[in-house]
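# Structure at a glance
One-letter residues, chain by chain:
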Amino acid sequence: MATRPIVGSPLKHDSAEKHVAGEALYIDDIAEPAGLAHAYIGLSTIAHGKLLSLNLSAVEAAPGVLSVLTAIDIPGENDISSTHKHDEPVFATSDILHHGQPLFAVIAETREQARHAALLARATYDEAPPLLDVAAARAAGSELVTEPLKLERGDVASALANSPRRLKGTMAIGGQDHFYLESQISLAIPGEDQDMLVLCSTQHPSEVQHMVANVLGVGSHAVTIEVRRMGGGFGGKETQANLFACVAALAARKLKRPVKLRPDRDDDMVITGKRHDFVVDYEIGFDDEGRIHAVDAVYAARCGWNADLSGPVTDRALFHMDNCYFYPAVRARSEPLRTHTVSNTAFRGFGGPQGMVGAERFIEEVAYATGLDPLEVRKRNLYGGEGRAITPYHQPVEDMIAAEVIDDLSHSCDYRARQAAIRAFNRQSPVIKRGIALTPVKFGISFTATWYNQAGALVHVYTDGTVALNHGGTEMGQGLYQKVAQVVAQAFGIGLEQIKITATTTGKVPNTSATAASSGSDLNGMAALDACETIKARLTAFACKHWQEKPEAIAFLPGRVQVGTREIGFVELVKAAYMARVQLSATGFYATPKIHWDRKAGRGHPFYYFAYGAAAAEVAIDTLTGEYKVERVDILHDCGNPLNPAIDKGQIEGGFVQGMGWLTTEELVWDEKGRLKTHAPSTYKIPVASDRPRIFNVALLEKAPNREHTIHRSKAVGEPPLMLAISVLHALSDAVASVGDYRFCPQLDAPATPERVLDAVERVRALAEAAQ
Amino acid sequence: MRETVRFLLGDELVEIASCDPTRTVLDWLRLDRRRTGTKEGCAEGDCGACTIVVGRLDGDRLRYEAINACIRFLPTLDGCHVLTVEHLKAPDGTLHPVQQAMVDCHGSQCGFCTPGFIMSLLALWLNERAPSVQRIEDALAGNLCRCTGYEPIIAAAQRMDSAEREKDRFVAGLPATIARLKALADSETISIGDGERHFYAPATTAALAELVSTHPQATLVAGATDVGLWVTKGMRRLDPVIYLGRIDALRGISDEGDHLRFGAMANQIAVREALATISPQLDEMMRRFGGEQVRNAGTIGGNIANGSPIGDLPPALIALGATLVLRKGSERRQLPLEAFFLDYRKQDRQPGEFVETVLVPKLPAGALFHISKISKRFDEDISAVCGAFYLALDQAGRVNEARLAYGGMAGIPKRAKAAEAALLGRSWDEAAVAAAIAALAQDFTPLTDMRASAAYRLKVAGNLLRRFLIETTTPETSTRVAGLLAEAAHG
């Protein structure tokens, strides 16, 4: 029985004890239904061209094979395009648009049989040269996968012309594989009529439901999607789960048997989309004091073979091309290019990180051009002051706290003294050079697709006082279920042990939004609270009548209910209310207020609020090999009033390390044929334990309630911390700059692999030598 | 011949009379036994989600090792004590101290990697007391977590150490487990199969020699850290498989005065310990060899006989002047290790022959030695370039012997003969290094691939010689950013 506030307590993840015991069930662990068959997907072996023929006779004849599936077996529509552009067939029929594109599926008695059989297909192609990256797509005049966005404020041309100084540059920013530890998986179980239940590792059950219904040619009411937990998502299971769910469902329909589909890790990485890589071309006008006057930039993205979420992702890159900085005049344009690669998709930050990396490059360029310290240039350009609090999309910045966060952090981590010590060290160390950088983050919270900012919940109170909690949010490790349960426990004044967290299912809460955009707790916490308040209002009305009290005399306190002068247990109240025929179940709903967005005009108020943070990173690089080590990181991050500070700290640490991986060792490489060469952990290197900074000080901003009326005044924390890792890129850059006595901008692109670091060292060294 | 495989799964005696010779332990656990706590993350031994702990008899003691179940073949478990994550909770539901520490430190988020971490931590906890942070990082280098950023897991590893070991079920049960395993041990050759394909596991070198002669086309399996992928990724159906892991005689490492003698089946953990006595540089290189699970399973013989151009031991051993002993039947022949590598994935191993022993000379007094491994990620990565250098100087300080061996620069591990020639007879100084670097372009035309470009490889290959010079002539200059050598330099 709870006796102290539950919201705000650093409670453990609801599944922690199951995780460590191997008892938490992921979809592949659930007891398999009788008659289960296994599907596997056959892939194209070219990146671009026409499929001339597909001979599956050897596949069908392979041991254990039950059936094969191609596009002609699809009773509904052969399309799973999440933005309804009809550009994403389940199975290719003619056009091959990336290497590893699904052509067919084979269903066999065992997964191993299906995997072996899938390799026996014989396809012939009319092969065409693939466009693999931004440069090639631009050179070939490749089309855009979706309508580009332009943000504009002020007269950029004249502001640039009138700036005391100007410079131009280009930055390449690499993509990133999600590398969720649990690969994609779906288990489809056919029912009566044309019903289909799909257990799917997805962040977006409602979309999977619509896609499955669409390919099966049935109504959404015939399809139920359920997910208790994912083994990681990070955006990679927002739209990318659709394919696997649909293929499993199509197979289950055809065979009238349950069918499971789990791709091997390598195939998962070959098939599914990743974080977009960008090329940012920029022109900056500024003055000798390091103040930016104007920015004109184009954000070209490798979007892959279909639109998927590339529209909103490239939009969000533009929304964050300012980071914390005010540009008096600004123009930003997106260029979402079609390429013959996997269709890039949502990934923690959703384009925001790429936009923000660009902003920090602008700052760095201005700093080196003026000879000013980069942190000083950052501070001089922060939002704030008269007429300096308006974003490129015309939303006023009303909650700006970056200046305070930067000052607090630079003070607490002794930034200036360490910077001086590092410079002294570098003067006497010929091989190893150290670097330090402090970068801020401002991240807009809300889906820019305004209608996504809604959520539903379903709360049942049973007569024994236990509660079943359901909402539209999904659990991928971020602790959403636990946070919402804390909200519900506190609302009723009951203990968490009285609450059963139930799997997300489209059958209980319909028309849900993806668990994405960091919005999970904001939306679902509010929706669940709404349901609780409905039930509490009914219980209050009942108690007033039953015990002859006024509503203000009823209070749900920790572990008890105050009814006038008497205190009763929650169970007692619930039992009495049931006997009096009071409804003890309610739905809840929430829609984020204040937001609107006019994409055509490039104006609006797309974000309810901003989350802030700052990080200071210190690194050492080896100027002979480009190897490096992140030695220390200090973070101060804004979670508002955190719902669960332990979970939030986990998001900050984990997001930071994931962002660090993106900007350092995680490199995606395609060969000239368009084959992904980094399709497994042996070749694609996410951080390991020793990559985390040995000194890692993470603090949550204290006494900083969200000024907006969010759930218990908390702030979203899923994505913003990822961008704190930009400090690592800039610390590396600072170390590189030392070889040119800090006179030349290293222009270190991402990911800063040892090879790129060494290249930058050599470039700066050459500039320094040429200048002498 | 024994036609069954026997091992302990927790307390349960498992006896298997028929199985696919390359059935993975992971599939057996998850599909045959429905023990789904152990997860599949990558099926190539790189992510550690499938980590289990396997105890094997080593004389009178039981050695517990974390291994990757995803690339370990089921019949290789013969004679072992197998622990999976499901074994850890006490019968009354109490969490094991390792599990409790992870809960207390918020060490899990999505939880999918967690069972693997738990098992790696269990192995660490069973084997070592008060491990350093560096040691914890090494023990976890083969476990990927995408959620937590590792900080709370490291904290858990430190916290678990305070638990009372003597009261632990696994520790208390050791004598009984050892007795049970000893009762299972025999020197019979195991022969098992699924009716179509066969698996053999001899217990003696003589039996192995005979089997390899009888089945010259057999796939010899040591740690299966590469062969496992031929099955899980290459979808190959190997037949027959001959497993070398039951032959204790092949695991031995001995000091022969001026050289070390390694049985082919000495695992990388043991090899590291022995090589560390030759040079701290080798200690550091072996520290970064794969992840802990791979170091437990992988062997010196496997790393050589596999013939990979990017294996890290061959350059090190070529620079040291190692000799290989190959055996066929009762005949043995010796050859310099560098002569074993003929061409990409092609070695001088005849059908019916196997690598039995590796002889590694110690460094003579005054010799200079260096090894650097350069990879995209510092730990648990494959070399873009590995450079291992041996120099002997005469009394005037001139180079009179040079072996510069590289991995990642050609289709095989290879010496840089032109660069060596450029050094011979010269003082070991900047000018000599410059000449050697210039000569490297004659020695190598490296490839561009996902690990590095050709230009980077060539540049770094040269810069490693610079690093060697700096470390041997101005040791006060720091040259390493991470690892044991950096920590030693930091003090």
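Residues numbered from 1 in each chain as written. Chains lettered and ligands numbered in written order. Predicted model: local features only at pLDDT ≥ 70, side-chain atom pairs only at ≥ 80, totals over all residues. Heavy atoms only, no water.

### Re the overall build of chain B
Of regular secondary structure, chain B possesses 19 helices and 20 strands. What you see for chain B is a C-alpha radius of gyration of 23 Å, in line with the 23 Å of a compact globule of 491 residues. In chain B, buried positions account for 64% of the 491 residues. By element, 50% of the accessible surface of chain B is carried by carbon and sulfur atoms, the whole surface being about 16,800 Å². The centroid of the 56 positive side-chain charges in chain B is displaced by 2 Å from the centroid of its 60 negative side-chain charges. (Helix = DSSP H or I, 4+ residues; strand = E, 2+ residues; numbered from the N terminus. Rg over C-alpha atoms; globule rule 2.2 N^0.38 Å. Buried < 20%, exposed > 50% of the residue type's maximum accessible area, 1.4 Å probe, protein only. Areas by Shrake-Rupley, 256 points an atom, 1.4 Å probe, with all protein chains shown as cover. Lys, Arg positive; Asp, Glu negative; His and termini not counted. Charge placed at Lys NZ, Arg CZ, Asp CG, Glu CD.)

### Re the overall build of chain A
Helices and strands together make up the secondary structure of chain A, namely 19 helices and 29 strands. Radius of gyration (C-alpha) of chain A: 27 Å, near the 28 Å computed for a compact globule of 772 residues. Its C-alpha atoms put chain A at 90 × 75 × 50 Å along the principal axes. Burial analysis of chain A (772 residues in total) assigns 68% to the buried set. Summed over its atoms, the accessible surface of chain A is roughly 24,600 Å², and 52% of this surface lies on carbon and sulfur atoms.

### Section: the pattern of salt bridges
By the definition in use, this model includes 99 salt bridges over all chains. Two residues, E364 of chain A and R361 of chain A, come together in a salt bridge whose shortest N-O distance is 3.9 Å. Highlighted residues: E364 of chain A and R361 of chain A, both in helix α10 (residues 352-370), separated by 3 residues, approximately one helical turn. Of the charged contacts, one joins R332 of chain B and E356 of chain B as a salt bridge, the two residues approaching to 2.6 Å between their closest N and O atoms. With R332 of chain B in strand β13 (residues 331-336) and E356 of chain B in strand β16 (residues 353-361), the pair connects residues that are 24 residues apart, well separated along the chain. We classify R332 of chain B as exposed; its relative accessible area is 51%. (Salt bridge = Lys/Arg side-chain N within 4 Å of Asp/Glu carboxyl O.)

### Re helix α7 (residues 241-255) of chain A
All names here are of chain A. Between its first and last C-alpha atoms α7 spans 21 Å; for 15 residues at 1.5 Å apiece the expected length is 21 Å, and the two agree. When you tally the buried positions in α7, you get 13 out of 15 residues, the bulk of the element. Taken from the residues just after α7, K256 is the one with a positive phi, measuring 55 degrees. (Expected span 1.5 Å × (residues − 1).)

### Considering the side chain of T540 of chain A
Within the secondary structure, T540 of chain A is located in helix α15 (residues 520-547). The contact partners of T540 of chain A, leaving out residues within four places of it in the chain, are P551, I554 and F556 of chain A. (Contact = heavy atoms within 4.5 Å.)

### Some details on the sheet that holds strand β29 (residues 695-700) of chain A
Adjacent strands of a sheet pair through backbone hydrogen bonds, lying either parallel or antiparallel. All names here are of chain A. In space, the 4 strands of this open sheet follow the order β16-β27-β28-β29, with mixed pairing throughout. A single partner strand is all that each edge strand has here, and the edge strands are β16 (432-445) and β29. On average, each strand axis in the sheet is tilted by 15 degrees relative to the strand beside it, whichever way the strands run. Bridging between β16 and strand β27 (residues 609-622) involves 14 bridges; their strand directions are antiparallel. Looking across to β27, one finds that G444 is bridged to F610. (Pairing = 2+ DSSP bridges. Axes fitted to C-alpha atoms, helices over the stretch in contact; angles between N-to-C directions.)

### Thoughts on the packing of helix α10 (residues 268-276) of chain B against helix α11 (residues 280-287) of chain B
For any two helices packed against each other, one specifies the inter-axial angle together with the distance between the axes. All names here are of chain B. Viewed as axis vectors pointing N to C, α10 and α11 meet at an angle of 165 degrees, and their least axial separation amounts to 7 Å. The angle between the axes of α10 and α11 places the two elements in the roughly antiparallel class. Between α10 and α11 lies a crossing of left-handed hand. On α11, the residues touching Q268, V271, R272, L275 and A276 of α10 are P280, L282, D283, M286 and R287. (Parallel < 35°, antiparallel > 145°, perpendicular 65-115°, else oblique. Left-handed = near helix turned anticlockwise from the far one by under 90°.)

### Examining the packing of helix α19 (residues 754-771) of chain A against helix α18 (residues 454-473) of chain B
In contact at an axis separation of 11 Å, α19 of chain A and α18 of chain B are set at 75 degrees when each is read in the N-to-C sense. Viewed along their axes, α19 of chain A and α18 of chain B adopt a mutual orientation that is roughly perpendicular. Residues P754, E755, L758 and E762 of chain A of α19 of chain A pack against Y456, K459, V460 and N463 of chain B of α18 of chain B.

### Looking at the sheet that holds β13 of chain B
Residues and elements named next belong to chain B. With respect to topology, 5 strands assemble into an open sheet ordered β10-β11-β16-β12-β13, the strand pairing being antiparallel. In this open sheet, the two strands that pair with only one neighbour each are β10 (253-255) and β13. Averaged over all pairs of adjacent strands, the angle between strand axes in this sheet comes to 20 degrees, irrespective of strand direction. Judged from the 5 bridges that link them, strand β11 (residues 259-263) and β16 form a sheet pairing that is antiparallel. Residue pairing across strands places R261 opposite L359, the latter belonging to β16. Its contacts with the sheet place helix α8 (residues 205-214) against β12 (323-328) and β16, and it is angled at close to 130 degrees to β16.

### Overview of the packing of aromatic side chains
Inspection of every chain in the model, using the stated rule, returns 24 aromatic pairs over all chains. For the ring pair F319 of chain A and W597 of chain A, a centre distance of 4.9 Å and an interplane angle of 70 degrees mean the geometry is edge-to-face. Of the two residues, F319 of chain A sits in helix α9 (residues 310-319) while W597 of chain A sits in strand β25 (residues 596-598), which places them 278 residues apart along the sequence. Taken as a pair, F319 of chain A and W597 of chain A share a single burial class, namely buried. Between F117 of chain B and Y150 of chain B, the aromatic rings sit 6.2 Å apart at their centres with planes inclined by 55 degrees, giving tilted as the arrangement. Taken together, the residues F117 of chain B in helix α3 (residues 114-127) and Y150 of chain B in the loop between α4 (133-139) and α5 (151-160) connect sequence positions 33 residues apart. Ring pairs connect the aromatic residues F319, Y393, W597, F607, F610 and Y612 of chain A, which therefore count as one cluster. Above the face of the F179 of chain A ring, R265 of chain A is positioned so that its terminal group lies 4.2 Å from the ring centre. (Phe/Tyr/Trp six-rings, centres within 6.5 Å; stacked < 30°, edge-to-face > 60°. Lys NZ or Arg CZ within 6 Å of the ring centre and 35° of its normal.)

### Some words on the UniProt feature "domain: FAD-binding PCMH-type" (unreviewed entry) in chain B
Residues annotated in UniProt with the feature "domain: FAD-binding PCMH-type" (unreviewed entry) correspond here to residues 192-365 of chain B. Structurally, residues 192-365 of chain B is divided into 33% helix and 26% strand, and its ends, taken at the C-alpha atoms, are 51 Å apart. (UniProt positions renumbered as here; feature names shortened; annotations may be inferred.)

### Focus: the pairing of strand β7 (residues 198-201) of chain B
All names here are of chain B. Pairing between strand β6 (residues 190-193) and β7: 4 bridges, direction antiparallel. Residue pairing in the sheet places I190 in a bridge with A201 of β7. The loop that links β6 with its antiparallel partner β7 comprises 4 residues; one of these, G195, has a positive phi angle of about 95 degrees. As paired elements, β7 and strand β9 (residues 241-243) share 2 bridges and run parallel to each other. From the neighbouring strand, F199 faces β9, where its bridge partner is V241.

### What to know about the interface of chain A and chain B
Often the size quoted for an interface is simply the accessible area lost on bringing the parts together. With 89 residues of chain A in contact, the opposing surface of chain B contributes 81 residues. For the pairing of chain A and chain B, the buried interface totals around 6,800 Å² over both sides, and the portion due to carbon and sulfur atoms is 55%. By the criterion of area lost to chain B, the three top residues of chain A are V20, L181 and L624 of chain A, representing 11% of everything that side buries. Where chain A packs against chain B, one counts 19 salt bridges. We note a salt bridge from D622 of chain A to R467 of chain B, for which the minimum N-O separation is 2.5 Å. Put simply, chain A and chain B have 42 residue pairs in polar contact (both at pLDDT 80 or more) between them. For the side of chain A that touches chain B, the secondary structure elements donating two or more residues are α1 (16-21), α3 (111-118), α8 (265-271), β16, β27, β28 (628-637), α17 (645-663) and α19 of chain A. (Buried area = accessible area lost by both parts, 1.4 Å probe. Polar contact = N/O pair within 3.5 Å; in protein donor to acceptor, adjacent residues only side chain to side chain.)

### What about the side chain of S82 of chain A?
On the secondary structure map, S82 of chain A appears in the loop between β3 (65-69) and β4 (95-96). Setting aside residues no more than four positions away along its own chain, S82 of chain A makes contact with E88, E207, M211, T239, D308 and L309 of chain A.

### A short note on the state of the cysteines
One pass over the full model with this rule turns up 0 disulfides over all chains. We note that C80 of chain B lacks a disulfide partner, and the nearest cysteine sulfur, in C19 of chain B, lies 14 Å from it. (Disulfide = S-S within 2.5 Å.)

### Quick word on the nonpolar core
With 162 residues, the main nonpolar core has F362, F492 and F656 of chain A as its most contacted residues. Ranked by residues supplied to this core, first place goes to α15 of chain A with 13 residues. Excluding anything up to four places from it in sequence, F362 of chain A contacts V280, Y282, I284, V295, A297, Y299, M321 and Y327 of chain A. If you look at the next biggest cluster of nonpolar residues, it comprises 64 residues, including A66, C105, I118 and I136 of chain B. (Core = buried A, V, L, I, M, F, W, Y, C linked by side-chain atoms within 4.5 Å.)

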